[in-house]
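Structural description and commentary
Here is how the chains run, residue by residue.
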Amino acid sequence: MQPLVHPGPKTQPRIIAHAVKTRRVVCELTSTRPLIEQLHETLASLGTDSGFAEIHGGDYAPLRYCVPDVATAEKALSFSETRSHDVAHLIYGSVTLGVRDDAPYMHSHCAWQAPDGTYEGGHVWLETEPGQNAPFAVVTAVYGAQWQSATDPETQMPVFTPVERRSTMHDLQTAADGTVIARVLPNIDITDAVLRVCREAGYATASVRAGLGSFVGATFVDRASGETRVVDGPATEVIALVGDVRTVDGELTTNLTATLVDRHGVLHAGVVVPGENLIAATFELTIQRIDTPAVDVDRHAA
């Protein structure tokens with residue numbers, strides 16, 4: 001897949017990473033209130049405004065979303081028009097949580113089943129709410145860095161970037177070490193990025209805990225058929241990226257699996273082919289050492 005040519009100057013460095021501490025809770029969502037409000041209230045109860053969430057089951061009602069689209073005169077990629085369902089059954093969702101213009105913000109990609117039974121996915125807009133059959137969320141709070149959203153000079157797109165900030169004494173005593181959050185910039189291969197983050201953090205074994213962003217198209221191995229499949233660009237959105245990193249004969253290696261939605265709104269899933277999946281606009285990555293303890297996995301009502 002050919003790299004995208006973006007309109008602005010290249011930001012340096014191409015991977016922006018920060019070591020953080022984490023705490024995690026299970027959040028019981030409720031209906032008739034925006035998802036973003038409930039997730040940020042959960043973070044606030046943990047003493048922070050940044051983190052990530054994994055959302056499971058239940059319904060969104062209403063759901064507002066878009067999928068990636070072709071280039072425009074100003075940008076190398078774009079979004080479709082807003083699409084919607086009065087209700088949709090959620091399969092899985094990834095959410096990065098942080099701030100934009102000093103207000104709570106989120107970036108979310110999800111997969112769901114539409115009322116007609118079709119499986120779909122896309123970039124979920126801020127006005128989306130849980131339905132009466134509300135999903136639950138596993139919310140991980142991060143300390144030591146903040147996810148800040150701003151318009152990226154390079155891509156002219158809104159992106160989250162982690163910015164270092166000092167942890168409080170309470171954070172240092174109650175949260176777990178062993179996590180790195182990172183923004184990967186355009187035209188860096190995702191496999192290379194995961195290995196580079198682990199190498200620089202000194203992780204010999206690690207788990208990719210969250211991954212949310214876009215590839216230039218996508219190249220992956222279909223587990224069912226064993227065939228290598230290529231999705232056309234300019235952008236394919238990643239709903240979930242999971243995998244492990246381990247040391248084999250003194251070298252770091254990784255095996256990554258992704259769930260994707262292309263610009264036609266079609267879902268895909270498979271094993272990521274190393275060297276063949278460049279970042280399109282941005283990628284928000286969370287990696288944890290394998291020995292990172294599970295801290296404060298409590299139930300929390302939003």
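Small disclaimer: the values here were computed from a predicted structure and weren't measured.

What about the overall build of the protein?
- Across its full length, the protein holds 3 helices and 22 strands.
- Taken over C-alpha atoms, the radius of gyration comes to 18 Å for the protein, in line with the 19 Å a tight globule of 302 residues would show.
- By principal-axis analysis of the C-alpha atoms, the protein measures approximately 50 × 45 × 40 Å.
- Put simply, the protein has 302 residues, and 56% of those count as buried.

Let's talk about the pattern of salt bridges
- Inspection of the entire model under this criterion finds 12 salt bridges.
- For the salt bridge of Arg33 with Glu41, the shortest nitrogen-to-oxygen distance reads 2.5 Å.
- As a salt-bridge pair, Asp49 and Arg165 come within 2.8 Å of each other at their nearest N and O atoms. Taken together, the residues span a long stretch of sequence, with Asp49 in the loop between helix H1 (35-45) and strand S2 (51-56) and Arg165 in the loop between strand S13 (158-164) and helix H2 (169-174) at a distance of 116 residues.

Quick word on the packing of aromatic side chains
- Overall, the coordinates contain 5 aromatic pairs when judged by the stated rule.
- Taking the centre distance of 5.8 Å and the plane angle of 15° together, the rings of Phe215 and Phe283 count as stacked. Note that Phe215 is positioned in strand S15 (residues 206-215) and Phe283 in strand S21 (residues 279-289), a separation of 68 residues in sequence. Per residue, the accessibility class of Phe215 equals that of Phe283, and both read buried.
- Its end group placed over the ring of Tyr105, Arg100 keeps NZ or CZ at 5.8 Å from the ring centre.

Side note on the environment of Ala206
- Its location among the elements puts Ala206 in strand S15.
- By relative accessible area, which is 0% here, Ala206 ends up buried.
- A C-alpha to C-alpha distance of 6.6 Å links Ala206 and Arg246, two positions 40 residues apart in sequence.
- Among residues more than four places away in sequence, those in contact with Ala206 are Cys198, Gly243, Asp244, Val245, Ile287, Gln288, Arg289 and Ile290.

What to know about unusual backbone geometry
- Cis rather than trans, the peptide bond between Ala61 and Pro62 has omega equal to 5°.
- By secondary structure assignment, the location of Pro62 is in the loop between strand S3 (59-60) and strand S4 (63-66).
- Despite not being glycine, Asp249 shows a phi value in the positive range, around 55°.
- Classification of Asp249 by relative accessible area gives exposed; the value is 80%.

Quick look at the pairing of S13
- As paired elements, strand S12 (residues 145-151) and S13 share 7 bridges and run antiparallel to each other. Note that in S13 the partner of Gln148 across the bridge is Thr161.

Regarding H1
- The set of residues buried in H1 consists of Leu35, Ile36, Gln38, Leu39, His40, Thr42 and Leu43.
- The positive-phi residue at the C-terminal boundary of H1 is Gly47, with phi of around 80°.

Some thoughts on helix H3 (residues 190-201)
- With 12 residues, H3 should reach 16 Å at 1.5 Å per residue; the first-to-last C-alpha distance of 17 Å fits that figure.
- Every buried residue belonging to H3 is among Ile190, Thr191, Ala193, Val194, Leu195, Val197 and Cys198, and all of these are buried.
- Residue Asp189 occupies the N-cap position of H3, its side-chain oxygen lying 3.1 Å from the main-chain nitrogen of Thr191.

Quick look at the environment of Val197
- Summarising the element assignment, Val197 is placed in helix H3.
- Separated by 84 residues in the primary sequence, Val197 and Ala281 have C-alpha atoms spaced 19 Å apart.
- In contact with Val197, not counting residues within four places along its chain, are Ile15, Val180, Ala182, Leu285 and Ile287.

Brief notes about the environment of Pro130
- By the element assignment, Pro130 lies in the loop between strand S10 (119-124) and strand S11 (136-143).
- Distance in space between the C-alpha atoms of Pro130 and Asp59 is 5.9 Å, their sequence separation being 71 residues.
- Look past the residues within four positions of Pro130 in its chain and what remains in contact with it is Leu29, Thr30, Ser31, Thr32, Arg33, Pro34, Leu35, Gln38, Asp59, Tyr60, Ala61 and Pro135.

Brief notes about the pairing of strand S19 (residues 251-261)
- Examined bridge by bridge, strand S18 (residues 236-248) and S19 share 11 bridges and lie antiparallel to one another. From the neighbouring strand, Val238 faces S19, where its bridge partner is Leu260.
- The turn linking S18 back onto S19 is made up of 2 residues, and Asp249 within it adopts a positive phi angle of 55°.
- Between S19 and the antiparallel strand that follows it, strand S20 (residues 267-272), lie 5 residues; Gly265 among them carries a positive phi value of about 80°.

What about the side chain of Arg209?
- With respect to the secondary-structure elements, Arg209 resides in strand S15.
- Polar side-chain contacts of Arg209 include one of 3.0 Å to the side chain of Gln288.
- Excluding residues within four positions of it along the chain, Arg209 makes contact with Arg24, Phe52, Glu54, Thr140, Thr286, Ile287 and Gln288.

What about the state of the cysteines?
- The tally for this structure, following the rule as stated, stands at 0 disulfides.
- This cysteine, Cys27, is not joined by any disulfide, and Cys110 carries the nearest cysteine sulfur, 14 Å off.
- The closest cysteine sulfur to the non-disulfide-bonded Cys110 is located on Cys66, 12 Å from its own sulfur.
- The class of Cys110 is buried, set by a relative accessible area of 0%.

The rules behind these values
Residues numbered from 1 in each chain as written. Predicted model: local features only at pLDDT ≥ 70, side-chain atom pairs only at ≥ 80, totals over all residues. Heavy atoms only, no water. Helix = DSSP H or I, 4+ residues; strand = E, 2+ residues; numbered from the N terminus. Rg over C-alpha atoms; globule rule 2.2 N^0.38 Å. Buried < 20%, exposed > 50% of the residue type's maximum accessible area, 1.4 Å probe, protein only. Salt bridge = Lys/Arg side-chain N within 4 Å of Asp/Glu carboxyl O. Phe/Tyr/Trp six-rings, centres within 6.5 Å; stacked < 30°, edge-to-face > 60°. Lys NZ or Arg CZ within 6 Å of the ring centre and 35° of its normal. Contact = heavy atoms within 4.5 Å. Pairing = 2+ DSSP bridges. Expected span 1.5 Å × (residues − 1). Polar contact = N/O pair within 3.5 Å; in protein donor to acceptor, adjacent residues only side chain to side chain. Disulfide = S-S within 2.5 Å.

What is shown is where atoms sit, not what they do.
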